[in-house]
Amino acid sequence: SLSLAIFSAWYNIIKRFRVALFSSDEDIGAISRTTAEKEKAAKLKKTSKGLKTLNSPWFIVNLIVTVALTALFVWLFLSVQSNGEVNSFDPFSILEVDSGADMKEIKKAYKKKSLQFHPDKNPNNPAAEATFMMVAKAYEALTDPTAKENYEKYGNPDGKQSLAVSIGLPEFLISVDNRNFVLLAYLIFMVGVIPMAVWSYYSNSSKFGEKDVMYDSYAWFHHNLNEHILVKSLPEVLAGSAEFRERNMTKTPEGKAEIANVLAKVKSEMQKPNFKHPVVLKGNVLLHSYLTRNTDVLSEESSEDLNYMLRYSSSLIDAMISVCKHQESLGAALNCIRFGQYVAQGMWLKDSELYQLPHFTREEVGHATKGNKGVKSIKEYIALDNDAKKGLKDFSEEQKADVFKTIEMLPDVTIESKVFVDDDEDDNVYEGDLCTVQVTITRNNLEDGEKAGLVHAPRFPFPKREAWWVALGTTQGKIISIDKVTSPNKVVEHKIKFLAPKQGTYEFELHVLSNAYVGFDFSDKVELKTLDPSSLPEYKIHPDDAELDDEPTLFEEMMNANIEDDSDSEEEDDSDSDDESEEGGIRELTEAERKKQELQNARKKAASAAGDDSDSDDDSDVEEIHAD
């Protein structure tokens, strides 16, 4: 177990070193496809690469403990190898002579060693005494004919030995002078260190649920999310997550004053807070400063707190969506997905979708959206020819190239859907059928074999993979299915399976939303008509299948075997009392035999009933079987 723990620890340490020293920019998401991403890529390299990324207390403690345990393991291994009698009994090495030494050299070496380690010259020295015994044993193995024969044959001068494994403890552990210290260290380790480590691990791990989100956060989401929740209320819900409560506790007057100043700047974009708790208020204000692009007023400490929140925002928003799924609230789940889009792009509700393009400010957005040829959405802007795109007048050639490059990376998808029943003979759907809604997402901006890359989100400080949320719900707002499709392929198929409802015509809502881009959502209606299953032709059992049904199961065969054994034993036990009946040729059946005969008769009647569908007498037989 020690070697396993050391191996696991070194694996994690080497992995951290590899990421810090040898990982590529693509591995950590530090890629700059546009000049807008250069600053983000530089920050990622600074925080994710280099030896300074290993300067964390937990990593240093883990490294020190692992090195200490490895040294202990190596020392124990070498000690066993050097002092293990079973593996290394060699009389020549013990006497320190060559394997071809003559008797004179052997006697001389023995005399020297025996004098050196004699117990009289080394009083109270167990190690010297053990060595003296080994020297004597080695000399005997080389001089005594019987001992020499045993050594050559069995590897031991005493003859064939049974395998014995023992652990040798260091002398200082068994010394009388150190016994109090050893006992105290043992008590501290067994009663203090180990229980504390187990308690610490259990207490920390028991706080987290799915997606490594704390259970307290799930409870908070359940309390605040409902079918009426709006997107503008979600920053406050995210700010109250348990992961942020310790970090966002404002402890200094300066910190409280800073939050008040930032609140004054973003208050017009915020919904009236429902919670006045300082932790929730600080997180809410920091998120709004990011969403409204006012992070330049934050101090360095507040910026670090904001980055900490954004680091965990993706998993927490996914957890919010899973809570909405549990509540079967389609509208709330869709709002949570849209909130995730705003967080990824660093923009808010009143902002134009064109803010997703690099270098676009309020001035450029105004030029592009106003006038007769102004656009209302980013899809309309993408559809224009490059020469017809407004808002680029004051841009340099490099900035224009950034805009055109970003437009190529933005989603251009085609969504197709169809409803069917697997392995069905016709296209009709009957009540109780297992229906499949297949949604096909085709990325038109990718070549065949090309994979979707990272999301272009220069304001979001961490790399984010492109994904799509596929949701199917009722017109009443109830969720049937909602899943995150993460495949980066050009064509992605996602299947939603559910049981067809009762006979009637139904209309469902299909939603396909990006996890990171605003303005590319897709919605459609899915119609389903279910028929009465009684209109299906009657299913007739093939005779061969009917014969298979008559075959006894493995359980019945075992039961029948037990019945036969029981009947045989009962016949032997009752042979004396049944002599008169046997002489007359008549014997009363035992209870086990009677049950066996009834089972066989029932099977014969069932088989005859299955073989003739139109015989009314057979129907009566079946009724008699059920009556039995």
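Residues numbered from 1 in each chain as written. Predicted model: local features only at pLDDT ≥ 70, side-chain atom pairs only at ≥ 80, totals over all residues. Heavy atoms only, no water.

A. Broad picture of helix 18 (residues 362-369). When we look at burial in helix 18, the residues that qualify are Glu364, Val365, Gly366 and Ala368. Looking at the packing, one finds that the buried side of helix 18 touches helix 19 (378-383). Just past helix 18, the residue Gly371 takes up positive phi, approximately 90 degrees. (Buried < 20%, exposed > 50% of the residue type's maximum accessible area, 1.4 Å probe, protein only. Helix = DSSP H or I, 4+ residues; strand = E, 2+ residues; numbered from the N terminus. Contact = heavy atoms within 4.5 Å.)

B. Up close: the sheet that holds strand 3 (residues 434-443). With respect to topology, three strands assemble into an open sheet ordered 1-3-6, the strand pairing being antiparallel. Strands with a single pairing partner mark the edges of an open sheet, and in this sheet they are strand 1 (413-421) and strand 6 (491-499). Within the sheet, the average angular offset between the axes of one strand and its neighbour, ignoring direction, is 15 degrees. As paired strands, strand 3 and strand 6 are joined by nine bridges and run antiparallel to one another. Within the sheet, the bridge partner assigned to Thr440 lies in strand 6 and is Glu493. (Pairing = 2+ DSSP bridges. Axes fitted to C-alpha atoms, helices over the stretch in contact; angles between N-to-C directions.)

C. Summary view of the packing of aromatic side chains. Inspection of every chain in the model, using the stated rule, returns 13 aromatic pairs. On the basis of an interplanar angle of 15 degrees and a centroid distance of 6.4 Å, the ring pair of Tyr506 and Phe508 is categorised as stacked. A relative accessible area of 27% means that Tyr506 is categorised as partly exposed. Members of the aromatic cluster, each reached through a chain of ring pairs, are Phe244, Tyr308 and Tyr312. Across from the ring centre of Tyr381, 5.9 Å away, lies the NZ or CZ of Lys389, which sits over that ring. The residue whose ring lies beneath Lys464 is Phe460, and the NZ or CZ to ring-centre distance is 5.6 Å. (Phe/Tyr/Trp six-rings, centres within 6.5 Å; stacked < 30°, edge-to-face > 60°. Lys NZ or Arg CZ within 6 Å of the ring centre and 35° of its normal.)

D. Expanded view of unusual backbone geometry. Of note in this structure, Glu96 is not a glycine but carries a positive phi near 60 degrees. With respect to the helices, strands and loops of the structure, Glu96 is situated in the loop between helix 5 (91-95) and helix 6 (103-116). Residue classification places Glu96 among the exposed positions, given a relative accessible area of 59%. At Asn124, a position not held by glycine, the phi torsion is positive, near 55 degrees. For Asn124, the position within the fold is in the loop between helix 6 and helix 7 (126-143). Take Asn124: its relative accessible area is 82%, and that puts it in the exposed class.

E. Quick peek at helix 2 (residues 38-48). Of all the positions in helix 2, only Lys40, Ala41 and Leu44 are classed as buried. Projected down its long axis, helix 2 shows its buried positions confined to an angular sector of 100 degrees, all on one face. The exposed residues of helix 2 that point more than 90 degrees off its buried face are Glu39, Lys43 and Lys46. Of the residues one or two after helix 2, Gly50 is the one with positive phi, at around 100 degrees. (Arc of directions from axis to C-beta.)

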